[in-house]
Amino acid sequence: MAASLSYFSGVSLSATEKPSIPSLSTSHNRRVCFSNSSRNKHKHHDCVSLSSRWKPPCTARAIKIVAAAQKEPLKVMIAGAPASGKGTQCELIKNKFGLVHISAGDLLRAEIATGSENGKKAKEFMEKGMLVPNEIVVMMVKERLMKPDVEQNGWLLDGYPRSLSQAMALENLGIRPDIFILLEVSDELLVERVVGRRLDPVTGKIYHLKYSPPENEEIASRLTQRFDDTEEKVKLRLKTHYQNVESVISLYESVLFKVNGDVSKEEVFSEIDKGISAILENKRTVDSASMAAGVAQ
Ligand code: AP5
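Residues numbered from 1 in each chain as written. Predicted model: local features only at pLDDT ≥ 70, side-chain atom pairs only at ≥ 80, totals over all residues. Heavy atoms only, no water.

By the naming in an unreviewed UniProt entry, the protein goes by adenylate kinase and is assigned to Rhynchospora pubera. Taken verbatim from the UniProt record of the protein, the Catalytic activity (unreviewed entry) comment is "AMP + ATP = 2 ADP". Word for word, the UniProt comment on the protein under Sequence similarities (unreviewed entry) is "Belongs to the adenylate kinase family." (UniProt positions renumbered as here; feature names shortened; annotations may be inferred.)

So this is what it looks like as structure tokens:
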């Protein structure tokens, strides 16, 4: 929505130039703008080419209608201590709500796998359980957030932001979540979860030797363990988490949704599902109301 608003408000309204906004003086034109709203890439072209006459008083109405019709996709952040279940829940959220899952940890591990200088530097910090410097991680996440699939389907940001400075980097871009999910798990459980976690390199699925064991021998034989999944390293990661989490939460207080992560993954998801569904319902109501207001004026 912000993009369409800034596009239209950036249109020159000089007397010598014909503005690109359709007058929307007829029901036909209104229908055209609505019908094209779901296809972002065409909205500029279609609204311009179908504009028949310029009527200045209709500009504001056009902005409202196009903006209202451009429903913003859902934006979700998920945070929690190491092994609190963020990745596990993201899989379930992604499957149900179709959001693009962006995991800062996964982006960093992919960078390490390329053997790049940034990857090597990131690994040094990850091995110490410390946050990777902003100059590496912030740009990575920003770039991913700008991709078209994210704009189209919405995002699910996992493990980012982890510090106030990272959160401020998003604020400066006008990027805010609709909901900030915080998984709360006791420290003893976290250590057990880290030590027993295994990953399937073929499917990317997360397992736990006790809580989510692999389905068969073939999968079991190929499972791998993360280099930072030791008891010693998780204690360092936990310390880093507790040093930073409060400052991040303070910025998202108004959309904070705390979930007890000590229970089974299905029970955790059931709570998350309720929280996200409530937000979606609210967004739908707001979208319909603003659309109705746009048409009525
Ligand atoms: P990252 O990869 O994000 O690791 P993390 O935050 O430590 O979280 P994990 O991936 O370990 O756990 P998770 O919460 O996803 O739990 P999972 O679902 O796998 O980051 C790694 C490192 O990268 C950081 O230490 C840092 O150095 C760097 N980094 C990352 N982001 C950064 C940033 N923004 N800035 C700077 N540096 C950054 O579950 C864990 C286990 O528990 C699994 O085995 C699972 O099967 C099991 N499990 C999950 N839920 C349940 C449940 N309800 N009941 C029983 N078992 C469960």
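Let's shift gears to the pairing of strand S4 (residues 179-184). For a regular strand, side chains alternate in direction, first toward one face of the sheet and then toward the other. For S4, the tally of buried residues reaches 5 of 6 residues, placing the bulk of the element in the interior. Pairing of strand S1 (residues 75-80) with S4 involves 5 bridges; the strand directions are parallel. The partner of Met77 across the bridge, within S4, is Phe180. (Buried < 20%, exposed > 50% of the residue type's maximum accessible area, 1.4 Å probe, protein only. Helix = DSSP H or I, 4+ residues; strand = E, 2+ residues; numbered from the N terminus. Pairing = 2+ DSSP bridges.)

All right, on to the sheet that holds S1 then. Overall, parallel pairing links the 5 strands, which are arranged S2-S3-S1-S4-S7 in an open sheet. Either end of the sheet is taken by a strand with one partner, and the two such strands are strand S2 (100-103) and strand S7 (256-260). Within the sheet, the average angular offset between the axes of one strand and its neighbour, ignoring direction, is 20°. Along the sheet, helix H13 (residues 231-251) makes contact with S1, S4 and S7, crossing S4 at roughly 150°. (Axes fitted to C-alpha atoms, helices over the stretch in contact; angles between N-to-C directions. Contact = heavy atoms within 4.5 Å.)

Around the ligand, the structure places 34 residues, and the nearest of them are Thr88, Met130, Arg162, Arg197 and Arg237. Between Thr88 and the ligand, the recorded distance is 2.6 Å, taken from a side-chain N or O atom to an oxygen atom. In the environment of the ligand, an oxygen atom lies 2.8 Å from a nitrogen or oxygen atom belonging to the side chain of Arg109. Considering the ligand on its own, with 1000 Å² of exposed area, one finds that the protein chains cover 96% of that surface. Elements with a minimum of two residues in the shell around the ligand: helix H5 (86-97), helix H6 (104-114) and strand S6 (206-208). (Near = heavy atom within 4 Å. Polar contact = N/O pair within 3.5 Å; in protein donor to acceptor, adjacent residues only side chain to side chain. Areas by Shrake-Rupley, 256 points an atom, 1.4 Å probe, with all protein chains shown as cover.)

What follows covers H13. Look at H13: 31 Å from first C-alpha to last across 21 residues, which is about the 30 Å you get at 1.5 Å a residue. Along H13, the sharpest kink reaches roughly 35°, centred on Asn244. Every buried residue of H13 is accounted for by Lys233, Val234, Arg237, Leu238, Thr240, His241, Asn244, Val245, Val248 and Ile249. (Expected span 1.5 Å × (residues − 1). Bend = angle between axes of the 7 residues up to and from the residue.)

Attention now moves to the nonpolar core. If you look at soluble globular proteins, the nonpolar side chains tend to sit buried side by side. In this structure, Leu145, Leu157 and Tyr160 are the most contacted members of the largest nonpolar core, which totals 31 residues. With residues near it in sequence (within four places) discarded, Leu145 still touches Ile102, Val150, Trp155, Leu157, Leu170 and Ile175. Judged by nonpolar contacts, the second largest core, of 17 residues, contains Val76, Ile78, Ile179 and Val268. (Core = buried A, V, L, I, M, F, W, Y, C linked by side-chain atoms within 4.5 Å.)

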